[in-house]
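Report on the structure
Residue-level listing of the chains:
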Amino acid sequence: KMEVCEVQHEHRDLIHHVAFNLYGKRMATCSSDQTIRIFEKCESADGRHWKKSAEFRAHNGTIWRICWAHPEFGQILASCSFDHGVTIWEEASLDASNTKTDWKKRNEIGDSRGNVWDVRFAPHHLGLKLATGDSDGIVRIYEATDIINLASWSLQQSLDTQSNRKCVALSWTTSIAAPTVLAVALQRSGSSECADVQLWQAEDKDLRKWTKAATITRSLSPHYATDLAFAPNFGRSFNILALATSDATVAVYRVDIPLTSDAAVTLLTAASHRDEDPLRPQSRDAPPPTPLSAPPAVGAAAASEALANGEMSAPPFPLAAPTAPRLIDLEPCVMRLSWNMTGNVLATSADDGTVRLWRQRLGGREWVKETLTRPEAPHM
């Protein structure tokens, strides 16, 4: 059973994002009230609770996302906003004993011409770098030129999605041994056949040269992507990517990234089946759900013929969905995704205030709902 702890956040408007630090002992929230609040986990005789340790106005518009840097670089936050800006914050000591601290604005990046919808620090083994996703369809990669002095950040690369759609979510792969991949979720509207996700591969460790490796399109018009997240990778030969869309589903993809370049190319397919009600088990008399069929494997000869006929594009690395994307069916619109540290439990939060935990069964052929938490009071 999930332990629920109520937090008195004191925000005066809608909260758009909640982010925990690496150890799960600090929590940051951002809101339409243009403020950021920091909370500390406390242990007491009455149990665990969260105590607010800081509150500050961070932007001149709605704050969409907030992100913690790896603690080896210090206590650093990045936030992005409707005001077109990305701001770097650092917790600084006010006395020699470090008993009093305050959050200082170290830099404000204003390269975007529109909304900045997401900001994500790169995995720490790549250095102090971050990516931003804008409403103009541009993903920008920045690096701190001096990790001691956070006032200076240089633009490493700009990735043009050429989609004329806003980049609403970003996610980095975390494996040290495999090439770095950045997933970009694009929010579309109408009947446009725009990809929901673009996968970009870095060709060097400095993240200065990138190639658009592949795209994922689910043809969900008029629905759109809302969030995505790579699962942490601790030794797997492939990555797992979860994609949330406004049609109340979460698709879980397997993305193979071999280190060799001569691997066979496989097609990425989209398949789905939806249960009548994901919150209740099906009746024993109900027919079994339609199984997800595996996509056809494409060998080297067939891939060459398909490329020659223009039926598929050749990515730098193959994407594989051995049993097709796994679709988790949800009633409300899923807004946020988050994985546990081992990458086998997925948390989803929806616009009805519910939080669900999904666990992958052995074999990876099915995801089951482990826990459902509903708000006790009406939410805003």
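Everything below is about the structure printed above this text.
Report on the accompanying structure. Computed from a predicted structure; not experimentally measured. (Residues numbered from 1 in each chain as written. Predicted model: local features only at pLDDT ≥ 70, side-chain atom pairs only at ≥ 80, totals over all residues. Heavy atoms only, no water.)

Across its full length, the protein chain carries one helix and 24 strands. Sorting the 380 residues of the protein chain into buried and exposed places 49% on the buried side. Of all intrachain contacts in the protein chain linking residues separated by at least 6 positions in sequence, the fraction that spans at least 24 positions is 49%. When the accessible surface of the protein chain is split by element, carbon and sulfur atoms take 49% of a total near 19,000 Å². (Helix = DSSP H or I, 4+ residues; strand = E, 2+ residues; numbered from the N terminus. Buried < 20%, exposed > 50% of the residue type's maximum accessible area, 1.4 Å probe, protein only. Contact = heavy atoms within 4.5 Å. Areas by Shrake-Rupley, 256 points an atom, 1.4 Å probe, with all protein chains shown as cover.)

The subject of this paragraph is unusual backbone geometry. We note that Glu 10 has phi near 65°; this positive angle belongs to a residue other than glycine. Looking at Glu 10, the relative accessible area reads 49%, which means it is partly exposed. A positive phi angle, near 70°, is found at Gln 34, a position not held by glycine. Here Gln 34 shows up in the loop between strand 2 (26-31) and strand 3 (35-44).

Applying the stated criterion across every chain yields a total of 17 salt bridges. Where Glu 10 meets Lys 52, a salt bridge forms, and the shortest distance between an N and an O atom there is 2.7 Å. Pair noted here: Glu 10 is in the segment before strand 1 (15-20) and Lys 52 is in strand 4 (residues 47-57), with a separation of 42 residues, a long-range link. Owing to a relative accessible area of 29%, Lys 52 belongs among the partly exposed residues under this scheme. (Salt bridge = Lys/Arg side-chain N within 4 Å of Asp/Glu carboxyl O.)

With that out of the way, let us pick up the sheet that holds strand 8 (residues 101-109). If you trace the four strands from one edge of the open sheet to the other, you get 5-6-7-8, paired in antiparallel fashion. Here the strands that pair on one side only, and so sit at the sheet edges, are strand 5 (63-68) and strand 8. The sheet shows a mean angle of 25° between the axes of neighbouring strands, direction not considered. Here strand 6 (residues 76-81) pairs with strand 7 (residues 86-93) via five bridges, running antiparallel. Across the sheet, residue Ala 78 finds its bridge partner in strand 7, namely Ile 88. (Pairing = 2+ DSSP bridges. Axes fitted to C-alpha atoms, helices over the stretch in contact; angles between N-to-C directions.)

This next bit is on the packing of aromatic side chains. This model, assessed by the stated rule, comprises six aromatic pairs. Ring centres of Phe 56 and Trp 103 lie 6.3 Å apart, and the angle between their planes is 25°; this geometry places the pair in the stacked category. Of this pair, Phe 56 sits in strand 4 while Trp 103 sits in strand 8; the two residues are 47 residues apart in sequence, bridging distant segments of the chain. The two residues Phe 56 and Trp 103 agree in class, both being buried. Counting every residue linked through ring pairs, the aromatic cluster contains Phe 56, Trp 68, Trp 89 and Trp 103. (Phe/Tyr/Trp six-rings, centres within 6.5 Å; stacked < 30°, edge-to-face > 60°.)

On to the sheet that holds strand 10 (residues 129-134), then. In spatial order, the strands read 9-10-11-12; together these four strands make up an open sheet with antiparallel pairing. The sheet is open, and its two edges are formed by strand 9 (116-121) and strand 12 (153-160), each paired on a single side. Averaged over all pairs of adjacent strands, the angle between their axes in this sheet comes to 20°, without regard to strand direction. Of the strand pairs in this sheet, strand 10 and strand 11 (residues 138-144) are connected by five bridges, and their pairing is antiparallel. Counterpart to Leu 130 in the pairing with strand 11 is Tyr 142.

On to the environment of Ile 109, then. Within the secondary structure, Ile 109 is located in strand 8. Classification of Ile 109 as buried rests on a relative accessible area of 7%. Excluding residues that lie within four positions of it along the chain, Ile 109 makes contacts with His 84, Gly 85, Val 86, Tyr 142 and Trp 153.

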